[in-house]
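Below, each chain spelled out in residue letters.
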Amino acid sequence: MKILLVEDEPKLASFVKKGFENEGYELEVAYDGRMGQSLLQQNRYDLVVLDVNLPYINGFELCRQIRQQDPHQPVLLLTALDSLDDKVAGFEAGTDDYLVKPFEFKELLLRARVLTRRHNEDATVRRVLRLADLELNLETKVVTRAGQRIDLTTKEYTLLEYLLLNRGRVISRVDIAEKVWELNFDTNTNVIDVYVSYLRKKLDKGYDTKLIHTVVGMGYVLREG
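These numbers come from a predicted model, not from an experiment. (Residues numbered from 1 in each chain as written. Predicted model: local features only at pLDDT ≥ 70, side-chain atom pairs only at ≥ 80, totals over all residues. Heavy atoms only, no water.)

Undergrad: Which residues make up the overall build of the chain, and what are the values?
TA: Per the secondary structure count, the chain includes eight helices and 11 strands. When its C-alpha atoms are laid out on the principal axes, the chain stretches across 65 × 35 × 30 Å. Buried residues in the chain amount to 41% of all 225 residues. Considering only contacts in the chain between residues 6 or more positions apart, those separated by 24 or more positions represent 53%. Carbon and sulfur atoms make up 48% of the accessible area of the chain, which amounts to about 12,600 Å² in all. Treating the 32 positive side-chain charges of the chain as one cloud and the 36 negative ones as another, the clouds have centres 6 Å apart. (Helix = DSSP H or I, 4+ residues; strand = E, 2+ residues; numbered from the N terminus. Buried < 20%, exposed > 50% of the residue type's maximum accessible area, 1.4 Å probe, protein only. Contact = heavy atoms within 4.5 Å. Areas by Shrake-Rupley, 256 points an atom, 1.4 Å probe, with all protein chains shown as cover. Lys, Arg positive; Asp, Glu negative; His and termini not counted. Charge placed at Lys NZ, Arg CZ, Asp CG, Glu CD.)

Here you go:
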């Protein structure tokens, strides 16, 4: 696990860094908001721990910037500001958790473990798209139905991924052309219908439940039944 600590108090930063490293974590320290911003642009972290009262860019603003760049990045605010209004401001900025100084390192470690575990579990869910017994793994690019692997061409895979990301929604041929082929739609071509047919043969043939449906005059929809 790799953690970024943005904290302008050197003694506290050293204490937290030593504690996490003793637990097997890798921790980098930024001593002001600009340095934290720079490190975040260069690296990926499993957790960001932010002080609020930071030079140049405060923790609330840096947290908002992180949320804009990566909605799933775990963030914990670590601060002496303990009023309800301060906590509300922190959560409105997008923090996942809020720990008031002074604190016991054991509590910080516990909260860090909870946030990183939850993030990893959520990431695993996000990496797999599912509909009924159909699964598409975004990392391995493997597609299975009822546990049986289905081999797809690159374009078939891209089309299926787009349909799964929009499952339950009718997708027009124009949308598919723009998002999958990245082309302006040519009304004289039937390439989309051809590839949908290819997918149907590979995904639905031999199964009682059909997943790819045609909505006449509108397009296609991926849904169960």
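Undergrad: Which residues make up the nonpolar core, and what are the values?
TA: One broad rule of soluble globular proteins: the nonpolar side chains tend to lie buried together. Counting 25 residues, the largest nonpolar core has Val143, Leu160, Leu164, Ile176, Leu203 and Leu222 as its most contacted members. Elements with a minimum of two residues in this core: β6 (128-131), β7 (134-137), α6 (154-165), α7 (173-181), α8 (191-203) and β11 (219-222). The element best represented in this core is α6, accounting for six residues. Formed by 20 residues, the second largest nonpolar core is a distinct cluster that contains Tyr25, Leu99, Leu108 and Leu115. (Core = buried A, V, L, I, M, F, W, Y, C linked by side-chain atoms within 4.5 Å.)

Undergrad: Tell me about the packing of aromatic side chains, residues and numbers included.
TA: The full count for this structure, using the stated rule, is six aromatic pairs. Ring centres 5.3 Å apart and planes at 80° place the aromatic pair Phe20 and Tyr25 in the edge-to-face group. By relative accessible area, Phe20 is classed as buried at 0%. A relative accessible area of 12% places Tyr25 in the buried class. Relative to Phe105, the ring of Phe20 has its centre 5.2 Å away and its plane inclined at 80°; by these criteria the two rings are edge-to-face. Taken together, the positions of Phe20 in helix α1 (residues 10-22) and Phe105 in helix α5 (residues 105-126) put the pair 85 residues apart, joining distant regions of the chain. Following the ring pairs from residue to residue traces out a cluster consisting of Phe15, Phe20, Tyr25 and Phe105. Just above the ring of Tyr207 sits the side chain of Arg145; from NZ or CZ to the centre is 4.2 Å. The ring of Trp181 has Lys155 sitting right over it, with the charged end atom 5.3 Å from the ring centre. (Phe/Tyr/Trp six-rings, centres within 6.5 Å; stacked < 30°, edge-to-face > 60°. Lys NZ or Arg CZ within 6 Å of the ring centre and 35° of its normal.)

Undergrad: Pulling in residues and values, what's your account of the packing of helix α2 (residues 33-42) against helix α3 (residues 59-69)?
TA: The contact between α2 and α3 brings their axes to 10 Å, and the two run at 15°. Comparing the axis directions of α2 and α3 gives the class roughly parallel. As α2 runs across α3, the sense of the crossing is right-handed. Contacts between α2 and α3 involve Gly33, Gln37 and Leu40 from the first element and Leu62, Gln65 and Ile66 from the second. Here the contact of α2 with α3 is composed, by residue class, of three nonpolar, three polar and no charged. (Axes fitted to C-alpha atoms, helices over the stretch in contact; angles between N-to-C directions. Parallel < 35°, antiparallel > 145°, perpendicular 65-115°, else oblique. Left-handed = near helix turned anticlockwise from the far one by under 90°. Nonpolar A, V, L, I, M, F, W, Y, C, P; charged D, E, K, R; others polar.)

Undergrad: I'd like to hear about the layout of surface pockets, residue by residue, with values.
TA: Approximately 300 Å³ is the volume found for the largest pocket. Lining of the largest pocket is provided by Gln37, Leu40, Gln41, Asn43, Arg44, Tyr45, Leu62, Gln65, Ile66, Gln69, Asp70 and Gln73. Going through the elements one at a time, α2 and α3 are the ones with two or more residues in the lining of the largest pocket. Of all the elements, α3 adds the most residues to the lining of the largest pocket, at four residues. Looking at the lining of the largest pocket, its residues break down into four nonpolar, six polar and two charged. (1 Å grid on protein atoms, 1.4 Å probe; cavity = no way out; pocket = protein on both sides within 12 Å on 5 of 7 lines; lining within 4 Å. Points joined across faces, edges and corners; volume = space filled by probe spheres on them.)

Undergrad: Report on the sheet that holds strand β8 (residues 143-145), specifying residues and quantitative values.
TA: Read from one edge of the open sheet, four strands run β6-β7-β8-β9, paired in antiparallel fashion. If you trace the sheet from one side to the other, it starts and ends with β6 and β9 (148-150), each paired once. Going from strand to strand, the sheet's axes swing by 25° on average, the running direction of each strand aside. Alignment of β6 against β7, held across four bridges, turns out to be antiparallel. Within β7, the position partnered with Leu131 by the bridge is Leu134. Running at roughly 110° to β7, α6 makes contact with β6, β7 and β8 of the sheet. (Pairing = 2+ DSSP bridges.)

By themselves these figures say nothing about function.
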